[in-house]
Amino acid sequence: MVRIIAFFVGLGFAGVLLWSFVVNLYDNITEPPAPTAEHEFHREPKELHLASDGPFGKWDKAQLQRGFQVYKEVCAACHSLERVAFRDLAGLGYNEAEIKAIAKSYDVPSINPDTGEPATRKGIPADYFPKPYANETAGRAANNNAYPPDLSLITKAREGGAAYIYSLLTGYQNQPTELLKQFPDVKTPEGLHYNPYFANLNIAMPKPIVSDGQVTYGEGAPAATVDQMAKDVSAFLVWTAEPKLVNRHRAGMAVLIFLIMATVLGYMAYQNIWASAKRKVAPKGPLDPDNQAKREAAKAEAGGIAG
Ligand code: HEC
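The rules we used
- Residues numbered from 1 in each chain as written.
- Predicted model: local features only at pLDDT ≥ 70, side-chain atom pairs only at ≥ 80, totals over all residues.
- Helix = DSSP H or I, 4+ residues; strand = E, 2+ residues; numbered from the N terminus.
- Expected span 1.5 Å × (residues − 1).
- Buried ≥ 20, exposed ≤ 12 C-beta atoms within 10 Å, placed from the backbone.
- Domains from an automatic or database assignment.
- Contact = placed C-beta atoms within 7 Å.
- Nonpolar A, V, L, I, M, F, W, Y, C, P; charged D, E, K, R; others polar.
- Near = placed C-beta within 6 Å.
- Axes fitted to C-alpha atoms, helices over the stretch in contact; angles between N-to-C directions.
- Parallel < 35°, antiparallel > 145°, perpendicular 65-115°, else oblique.
- UniProt positions renumbered as here; feature names shortened; annotations may be inferred.
- Pairing = 2+ DSSP bridges.

- As recorded in an unreviewed UniProt entry, the protein goes by Cytochrome c1 and comes from Sphingomonas rhizophila.

Structure representation (structure tokens):
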């Protein structure tokens, strides 16, 4: 009895599932969903090639240093870099004295030992980059209610990674008239900025890198164009998200080479050990096929005489 009831309950479920599938399919065909502005005008990130790409990638330390400079002079006004300590900058090729000087140029939060009041002190290499805002509320208040996210892991947190950051920084433009023709009611709201690489097309961040030469690069560096600065800061953010990326790739290659060599050695050892065991055993004496044949022949001859 229970089986029969269970069967009909199951049949009921399967029937409802099938029914809703058919109805939805019918609706989708007769009234396809209206296209949205995001769907029509959102763009995939542009291509970006960095020295750190691929299993043989290396850090371009000069580029990382320039990217750090762009972060420090442009992005740091709004974005924190919470997970990076000043001493980590050794990975960009700075020496100890330089790191000390960089740390010292920042005021980090501290406590006045006499009064217990919040205070600031000069940074030391072990400190982490200080945040630009006291808390999220203050950050939102200063940015049209949008919170500038921490940039330490941003290249891992967004699809497209560095290429996305680069595209976002260089993607600001006026809202296309084509878009307004198709979707008259999605005008970019006051205080937001049109950017086709941002998921919903309108971002609260004002264009941060606005003009060539906004950051003054040192000697021997390429010209500080908007494009170059955007590339450099994107490369820097790949490093902040995974400072050990190149070491990890190198270790991976070493392991692969080791495994290949171990396989070759193992195969050679196998051949060596089994060589004597597998050698064809030459039968001797009565089992030698030649002797057997001779014996057969002798037998036949003897039998012939007897018969
Ligand atoms: C004036 C403040 C300000 C400056 C300067 C600034 N940003 Fe932003 N940024 C914001 C705000 C606000 C948001 C949040 C935008 C939103 O959610 O609409 C944001 C968002 C972002 C995002 C995340 C976008 C996403 O997909 O969610 C990235 C990446 C970013 N900024 C990178 C940078 C870089 C790199 C720089 C320096 C070249 C920079 N920003 C400079 C305010 C700023």
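1. Comments concerning helix α10 (residues 245-278)
- Helix length check: α10, at 34 residues, gives a terminal C-alpha distance of 48 Å against a target of 50 Å (1.5 Å per residue), a fit within 8%.
- With 0 of 34 residues buried, α10 lies mostly on the surface of the structure.

2. Examining the environment of N174
- For N174, the position within the fold is in the loop between α7 (161-170) and α8 (177-182).
- Overall, N174 belongs to the exposed group, with 8 C-beta atoms counted inside 10 Å.

3. A word on the domain arrangement of the protein
- Assigned domains within the protein: domain 1 (39-84 + 145-247) and domain 2 (85-128).
- When each unit is reduced to the centre of its C-alpha atoms, the spacing between domain 1 and domain 2 is 26 Å.
- Counting residues at the interface gives 8 residues for domain 1 and 6 residues for domain 2.
- With 4 residues, the single largest contributor to the side of domain 1 that touches domain 2 is helix α3 (residues 61-73).
- Along the lines of polarity and charge, the residues of the side of domain 1 that touches domain 2 split into 5 nonpolar, 1 polar and 2 charged.

4. Some details on the site of the ligand
- As a matter of local geometry, the ligand sits amid 22 residues, with C75, C78, A204, M205 and P208 nearest to it.
- If you tally residues by element for the shell around the ligand, the top one is α7, at 3 residues.
- Looking at the shell around the ligand residue by residue, the classes come out as 19 nonpolar, 2 polar and 1 charged.

5. Remarks on the packing of α3 against helix α9 (residues 226-241)
- Interhelical geometry of α3 versus α9 gives an angle of 100 degrees and a closest axis separation of 7 Å. In terms of axis orientation, α3 runs roughly perpendicular to α9. Of the residues in α9, those in contact with Q63, L64, R66, G67, F68, V70 and Y71 of α3 are M229, D232, V233, A235, F236 and W239.
- Tallied by class, residues from the contact of α3 with α9 come to 9 nonpolar, 2 polar and 2 charged.

6. Re the UniProt feature "binding site: heme c" (unreviewed entry) in the protein
- Feature annotation in UniProt places "binding site: heme c" (unreviewed entry) on C75, C78, H79 and M205, given in this structure's numbering. Spatially, the listed residues are clustered: although they cover 131 residues, their C-alpha atoms lie within 10.6 Å of one another.
- Residue placement: C75 occurs in the loop between α3 and α4 (96-104).
- Judged by local crowding, C75 falls into the buried class, with 22 C-beta atoms found within 10 Å.

7. So, the pairing of strand β1 (residues 107-111)
- Among the 5 residues that make up β1, 0 are buried, leaving the element largely open to the surroundings.
- Bridge count between β1 and strand β2 (residues 118-122): 5 bridges; the pairing is antiparallel. By the bridge assignment, D107 is partnered in β2 with K122.
- Between the end of β1 and the start of β2, which pair antiparallel, lie 6 residues, with G116 showing a positive phi angle near 80 degrees.

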